[in-house]
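Structure assessment
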Number of protein chains: 2
Amino acid sequence: MKEEAQTNESPMTEFIEKKGTWMTFRPDIKVVDCTIRDGGLVNDFYFEDDFVKAIYNACVQAGVDYMEMGYKASKKIFSPSDYGKWKFSDEEDIRRIVGDNNTSLKLSVMADAERTDYHEDILPKNQSVIDMIRVATYLHQIPTALEMIKDAHDKGYETTVNLMAISSVKESEVNEALDILSSSEVDVIYLVDSYGAMYSEEIRDLVAMYLKYARSTGKIIGIHAHNNQQLAYANTIEALIMGCSYLDATVNGLGRGAGNCPLELLLGFLKNPKFHVRPLLECVQENVIKLKQTLNWGYDIPYMLTGQLNMHPRSAIKFMNGNCNSDYTSFYDSLMADD
Amino acid sequence: MKEEAQTNESPMTEFIEKKGTWMTFRPDIKVVDCTIRDGGLVNDFYFEDDFVKAIYNACVQAGVDYMEMGYKASKKIFSPSDYGKWKFSDEEDIRRIVGDNNTSLKLSVMADAERTDYHEDILPKNQSVIDMIRVATYLHQIPTALEMIKDAHDKGYETTVNLMAISSVKESEVNEALDILSSSEVDVIYLVDSYGAMYSEEIRDLVAMYLKYARSTGKIIGIHAHNNQQLAYANTIEALIMGCSYLDATVNGLGRGAGNCPLELLLGFLKNPKFHVRPLLECVQENVIKLKQTLNWGYDIPYMLTGQLNMHPRSAIKFMNGNCNSDYTSFYDSLMADD
């Protein structure tokens, strides 16, 4: 770790500016619930309508800004018979939950670069109840992502781009990607910790780096963290403090592997009076806890190991879903043998 | 929250100095295992000898610097018939586990101010296998704590002072306490987040404040964090980065309520080659996981609520040990009604 801390200002700090104290709130802050979208990675998107409605109602009552309904996956690549509805998030499925969504909660879907038939499956905004398209992309897919951002923007949507797995690519390439993305039509550029590998100092440096590009062209930035090292919430509030505006979280941290930043923790931290924790607590106790009988998510040692090794959590997820899920040394030895 | 971050240097930053990068290690870092001592608060210190030996062996093999065996509680105040051995940590009990402790692991015990017969129960160092006495004190007990520190120091021990519950007292009083303690014989002054109420910015400010006093008289500082808001590990590494040297943790986070900073996470972060994670993983799977069948610890929503409200976790612990431990809204409503 670096211990330079406050005396060692990075060259990027000029982009960080004070916005208030803990007793003020920042109107730029937007909270994005990803419970169904990221949680769908745990159960192949087989959520009952009642569950999705419960999350929706809780988000509305809690004052959450956005709810992500699922992916817009290509039905040419992924068969609808192999997945629940929220892998595809068809307009009629969303409307069955939200009607015309006459609430202050906005809706988003995620569209993976190269795995979305965006020309056909993303309707013009005036025909859709969706408000925001979030384009998820690896670095090598950026040319495709740029086309998708332009398509969604031109159709009338708010847009974000979620640049994935950056902890395993060169800084120079991330810089180049940010330079390109900040010149696109996108509204929000997301810092994504796909592997749950980052800690506070890295978050500070990366937020400063993202802000440098984003502010040069009037973009704002978001954070999507994972809990592999029990740092999803810590990294989210660190990014927030450093100037990040869009904050992803899920109810009870529901999400693939170690899960996400818990929405209830995040709203408890934010001082904006529009947010309310109690509806989330009710949703957890009435709807989410019982999922734990059949679904497996949340921090455990195998996720810690892949996170600290900056690896995709797939091997840890496979291990945790196996029969010997507390034989941690075997898993550790297998990671070391692969090294 | 404050967003000033890197551009807003506190007046204390002169006391923060760069000590390395993440690829170096700092010889000043000492890791203190508190599994039996803090974990004893979960089960009234009724650990079997085999379990204590397993933790001891794991600490030795993992390269941990100190292991805390328990409290040195007064038998006049607490009846030995009401508690397990590690509430009292008698010399013969410790020696039954460690022999003469011919290892590089040092041993500590915690002595609570006003609840320890330190004149009688703490032997001269040359008659004891214990290396370090840790004096835990609330602010109003500091005069007693100072006597205990002097007693332990004069008997030949290393000493720490753990100033508790500072998140609920005035800064001016903490400053005064630090001024007094830094002039005492104590070696290490601990920043203790008794209520699990702190987050990164507070940790940074408090570490700077503690270091200001500590460095003026050649003391060093430590951190003891709790996981009420999933921030025990995050706050521990933040304190470390800011110049904190003694780091408390417990195997699998075992500890009262939401528990502590997990030792395995911490050692995975530290780059000092003397530390080894694998013996801890083995200890967790062989010895700690099975405790979860009868003991209740680790993050849950009631601890989040008391942490965010800066309250002692006792109400949350009582609630979690009751029959309706996922009726979070009732607990939330009871806290709000008390407010």
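From a predicted model like this one, the values you see are computed outputs, not experimental measurements.

**Considerations on the nonpolar core**
Counting residues in each nonpolar core, the largest one holds 236 residues, and the members touching the most others are A:Val207, A:Tyr210, A:Leu266, B:Val207, B:Tyr210 and B:Leu266. Ignoring sequence-local partners within four residues, the contact set of B:Tyr210 consists of B:Leu178, B:Ile189, B:Leu191 and B:Ile221.

**A word on the domain arrangement of chain A**
All names here are of chain A. The assigned domain composition of chain A is domain 1 (25-293) and domain 2 (301-338). If you average the C-alpha positions of domain 1 and of domain 2, the two centres end up 26 Å apart. Each side of the interface is counted separately: domain 1 has 10 residues, and domain 2 has 11 residues. The residue inventory of the side of domain 1 that touches domain 2, partitioned by class, reads 3 nonpolar, 6 polar and 1 charged.

**A closer look at the environment of A:Gly307**
All names here are of chain A. Mapping glycine 307 onto the fold places it in helix H11 (residues 301-308). Note: C-alpha distance between glycine 307 and leucine 105 (202 residues apart in sequence) is 33 Å. When residues no more than four places from it in sequence are discounted, the contact partners of glycine 307 are Tyr195, Gly196, Ala197, Asn228 and Gln229.

**As for the confidence of the model for chain A**
Mean pLDDT over chain A: 92, with 92% of residues reaching 70 or higher. Here the predicted complex carries an ipTM of 0.92, next to a pTM of 0.93.

**What about the sheet that holds strand S4 (residues 132-137) of chain A?**
All names here are of chain A. Overall, parallel pairing links the 8 strands, which are arranged S1-S2-S3-S4-S5-S6-S7-S8 in a closed barrel. Adjacent strand axes in the sheet meet at a mean angle of 25° when their direction is disregarded. Bridging between S4 and strand S5 (residues 158-163) involves 6 bridges; their strand directions are parallel. In the strand pairing of S5, valine 135 is matched with valine 161.

**Here's the deal with H11(A)**
Of all 8 residues in H11(A), 8 are buried; the element is thus mostly enclosed. Looking at the packing, one finds that the buried side of H11(A) touches helix H12 (314-320) and helix H13 (328-338) of chain A together with helix H9 (263-269) and helix H10 (278-288) of chain B. Where H11(A) ends, the next residue or the one after it, A:Asn310, has phi of about 55°, a positive value.

**Examining the packing of helix H2 (residues 49-62) of chain A against helix H10 (residues 278-288) of chain A**
All names here are of chain A. Interaxial distance between H2 and H10 falls to 8 Å at its minimum, and their mutual angle equals 165°. On the basis of their axis angle, the class for H2 and H10 is roughly antiparallel. In this structure, the crossing between H2 and H10 has a hand that is right-handed. Here Phe51, Ala54, Ile55, Ala58, Gln61 and Ala62 of H2 lie close against H10, whose contacting residues are Pro279, Leu280, Cys283, Glu286 and Asn287.

**Side note on the pairing of strand S2 (residues 66-71) of chain A**
Residues and elements named next belong to chain A. Summarising burial for S2: 6 of the 6 residues are buried, a large majority. Note that strand S1 (residues 30-33) and S2 share 2 bridges and pair parallel. Across the sheet, residue aspartate 33 finds its bridge partner in S2, namely methionine 67. Handedness of the crossover is the feature at issue here: the chain leaves S2, passes through helix H3 (residues 91-98), returns alongside strand S3 (residues 106-112), and the resulting connection is right-handed.

**Looking at helix H3 (residues 91-98) of chain B**
Residue pairs spaced three or four apart in an α-helix point in one direction, given the helix's 3.6 residues per turn. Residues and elements named next belong to chain B. Considered for burial, the residues of H3 that qualify are Ile94, Ile97 and Val98. Buried residues of H3, viewed axially, fall in a sector of 80°; they line one side. The secondary structure elements touched by the buried residues of H3 are helix H2 (49-62), strand S2 (66-71) and strand S3 (106-112). Glycine 99 lies just past H3 and shows a positive phi near 60°.

**As for the environment of B:Arg115**
Residues and elements named next belong to chain B. Among the structural elements, arginine 115 can be located in the loop between S3 and helix H4 (118-121). Spatially, the C-alpha atom of arginine 115 lies 5.9 Å from that of alanine 73, the residues being 42 residues apart in sequence. Excluding its chain neighbours within four sequence positions, the residues that come into contact with arginine 115 are Ala73, Ser74 and Ile77.

**Quick look at the sheet that holds S3(B)**
Residue and element names in this part refer to chain B. Judged by pairing direction, the barrel is parallel, and its 8 strands sit side by side in the order S1-S2-S3-S4-S5-S6-S7-S8 before closing back on the first. Put simply, the sheet's adjacent strands are angled 25° from each other on average, direction ignored. As paired strands, strand S5 (residues 158-163) and strand S6 (residues 188-192) are joined by 4 bridges and run parallel to one another. Note on S6: the bridge partner recorded for threonine 160 is valine 188. Lying on the sheet, helix H8 (residues 232-241) is in contact with S6, strand S7 (220-224) and strand S8 (246-249); it crosses S8 at an angle near 170°.

Cut-offs and rules
- Residues numbered from 1 in each chain as written.
- Chains lettered and ligands numbered in written order.
- Predicted model: local features only at pLDDT ≥ 70, side-chain atom pairs only at ≥ 80, totals over all residues.
- Core = buried A, V, L, I, M, F, W, Y, C linked by C-beta atoms within 7 Å.
- Buried ≥ 20, exposed ≤ 12 C-beta atoms within 10 Å, placed from the backbone.
- Contact = placed C-beta atoms within 7 Å.
- Domains from an automatic or database assignment.
- Nonpolar A, V, L, I, M, F, W, Y, C, P; charged D, E, K, R; others polar.
- Helix = DSSP H or I, 4+ residues; strand = E, 2+ residues; numbered from the N terminus.
- pLDDT = per-residue confidence, 0-100.
- Pairing = 2+ DSSP bridges.
- Axes fitted to C-alpha atoms, helices over the stretch in contact; angles between N-to-C directions.
- Parallel < 35°, antiparallel > 145°, perpendicular 65-115°, else oblique.
- Left-handed = near helix turned anticlockwise from the far one by under 90°.
- Right-handed = clockwise from strand over helix to strand, strands pointing away.
- Arc of directions from axis to C-beta.

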